[in-house]
Each structure stands twice: as C-alpha cells, then as structure tokens.
Amino acid sequence: MEHYICKGSCGGSSPEIGICETNECTSQWEMMEECHCSDGQHGKVDAEDVVVVKDSNGTSLSDGDTVVLIKDLKLKGSSTVLKVGTKASNIRLTSNPEEIDCKLGGTAIVLRVEFVKKL
Ligand SMILES: [Zn+2]
Ligand SMILES: [Zn+2]
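Residues numbered from 1 in each chain as written. Chains lettered and ligands numbered in written order. Predicted model: local features only at pLDDT ≥ 70, side-chain atom pairs only at ≥ 80, totals over all residues. Heavy atoms only, no water.

Colleague: Any chance you could explain the overall build of the protein chain here in plain terms?
Modeller: Helix and strand counts for the protein chain come out as zero helices and 13 strands. In sequence order, the secondary structure elements of the protein chain are arranged as β-β-β-β-β-β-β-β-β-β-β-β-β. In terms of overall dimensions, the protein chain is more spread out than a globule: its C-alpha atoms have a radius of gyration of 21 Å, far above the 14 Å expected for 119 residues. The principal-axis extents of the C-alpha atoms in the protein chain amount to approximately 60 × 25 × 20 Å. Counting the 119 residues in the protein chain, one finds 26% classified as buried. Look at the contacts in the protein chain between residues 6 or more apart in sequence, and 42% of them connect residues 24 or more apart. When the accessible surface of the protein chain is totalled, it reaches about 7900 Å², and 47% of it is carbon and sulfur. (Helix = DSSP H or I, 4+ residues; strand = E, 2+ residues; numbered from the N terminus. Rg over C-alpha atoms; globule rule 2.2 N^0.38 Å. Buried < 20%, exposed > 50% of the residue type's maximum accessible area, 1.4 Å probe, protein only. Contact = heavy atoms within 4.5 Å. Areas by Shrake-Rupley, 256 points an atom, 1.4 Å probe, with all protein chains shown as cover.)

Below you can see the structure in the form of structure tokens.
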C-alpha cells in the first residue's frame with residue numbers, strides 16, 4: 001500500500017498525501033513523499049547504511065544470534081582463554097562489522113567475527 005512519509009526529522013507518515021505539520025520538524029510544511037515500502041521502514045534503511053556482519057563462513061549475523069568460537073581466544077588483559085566451541089548467545093552487532101558484542105559467563109566481551117561461526 002502506498003503512503004506518504006516526511007523526509008524531515010519527525011519521520012512521520014500518512015496514508016494520504018499532504019504536508020508535514022509537525023512542529024520543529026526540519027521539513028514542516030513541506031510535501032510528504034510517496035513511499036511504497038511494505039515493511040514500515042519507509043526505506044530509511046539505505047542499502048549503503050546496512051552493515052552486513054558476517055561470520056567466518058560468510059553467514060550474515062544479526063542481533064540475538066548464537067555463535068560458537070572456532071578457535072581458542074585469549075582474552076585481552078587477562079589469562080582467561082575462551083575455548084574453541086564456546087557458545088555465545090544473544091549477540092549484539094556493533095558499529096564495527098568486524099566485531100560483535102556478546103556475553104560469556106556473565107562477562108561482556110567483544111568478539112571478532114572471523115573467530116566465530118553462527119550456530
Ligand atoms: Zn516532518
Ligand atoms: Zn513507507
């Protein structure tokens with residue numbers, strides 16, 4: 001279903017064409033633009049902005065995934081060694097496509113994606 005979205009700071013949308021009337025919106029009183037998205041994201045996720053995070057096998061990772069270590073990793077600044085096969089669940093992507101946040105044994109750590117694979 002087509003709809004109309006404000007390209008300004010309010011991010012508003014409307015089922016009918018019109019102008020944005022949101023106070024303080026950077027596009028207040030400007031025409032909303034036609035949008036044909038079906039996911040409700042209004043194309044806000046530009047292709048170039050999407051950070052594709054891939055594990056060692058090239059499988060893309062997303063928030064909440066469970067990964068497993070493919071090699072022993074020594075934690076920086078400690079003598080702890082994370083063993084190959086250690087599972088890290090509920091990972092979080094970071095702004096760096098080469099790193100993911102996760103928790104192991106209650107400790108928040110950052111893993112490099114080249115050392116993990118998705119379960
Ligand atoms: Zn607006
Ligand atoms: Zn839309």
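Colleague: Would you mind showing me how to read the pairing of strand β11 (residues 99-104) here?
Modeller: For a regular strand, the rule is simple: side chains alternate between the two faces of the sheet. In β11, alternate side chains face the same way, and those of Ile-100, Cys-102 and Leu-104 are buried while those of Glu-99, Asp-101 and Lys-103 on the opposite face are not. Where strand β10 (residues 92-93) and β11 come together, two bridges link them in antiparallel fashion. Looking at β11, one finds that Leu-93 is bridged to Ile-100. Bridge count between β11 and strand β12 (residues 107-112): six bridges; the pairing is antiparallel. From the neighbouring strand, Asp-101 faces β12, where its bridge partner is Val-110. As consecutive antiparallel partners, β11 and β12 are separated by two residues, and within that stretch Gly-105 has a phi angle of approximately 55°, a positive value. (Pairing = 2+ DSSP bridges.)

Colleague: Whenever I open this one, the coordination of the zinc ion (ligand 1) confuses me. Can you help?
Modeller: Octahedral metal centres with six donors ideally show angles of 90 or 180 degrees, and tetrahedral centres with four donors ideally show 109.5 degrees. Looking at the metal site, the zinc ion (ligand 1) is ligated by Cys-6 (SG), Cys-10 (SG), Cys-20 (SG) and Cys-25 (SG), spaced 2.2 to 2.3 Å from it. Around the zinc ion (ligand 1) sit four donor atoms; with metal-centred angles ranging over 103 to 119°, the donor geometry is tetrahedral. Counting the intervening residues between successive donors of the zinc ion (ligand 1) yields the motif C-x3-C-x9-C-x4-C. Taken as a pair, Cys-10 in the loop between β1 (3-5) and β2 (13-14) and Cys-25 in the loop between β2 and β3 (33-35) lie far apart in primary sequence, 15 residues in all. By relative accessible area, Cys-25 is classed as buried at 8%. (Donors = N, O, S within 2.8 Å, 3.2 Å for Na, K, Ca; no water. Tetrahedral: all angles 85-135°; square planar, octahedral: opposite > 155°, others 65-115°.)

Colleague: Honestly, the sheet that holds β12 in this entry has me stumped. Any pointers?
Modeller: Strands belonging to one sheet form pairs held by backbone hydrogen bonds; the direction of such a pair is parallel or antiparallel. Spatially, the three strands line up as an open sheet ordered β10-β11-β12, and their pairing is antiparallel. Both outer strands of the open sheet, β10 and β12, are each paired with one neighbouring strand and no more.

Colleague: Can you help me understand the coordination of the zinc ion (ligand 2) in this one?
Modeller: The coordination sphere of the zinc ion (ligand 2) contains the protein donors His-3 (NE2), Cys-35 (SG), Cys-37 (SG) and His-42 (ND1), at a distance range of 2.0 to 2.4 Å. Read N to C, the donor residues that coordinate the zinc ion (ligand 2) are spaced as H-x31-C-x1-C-x4-H. A relative accessible area of 8% means that Cys-35 is categorised as buried. In this structure His-42 comes out as buried when scored by relative accessible area, which is 13%.

Taken by themselves, the reported measurements are silent on function.
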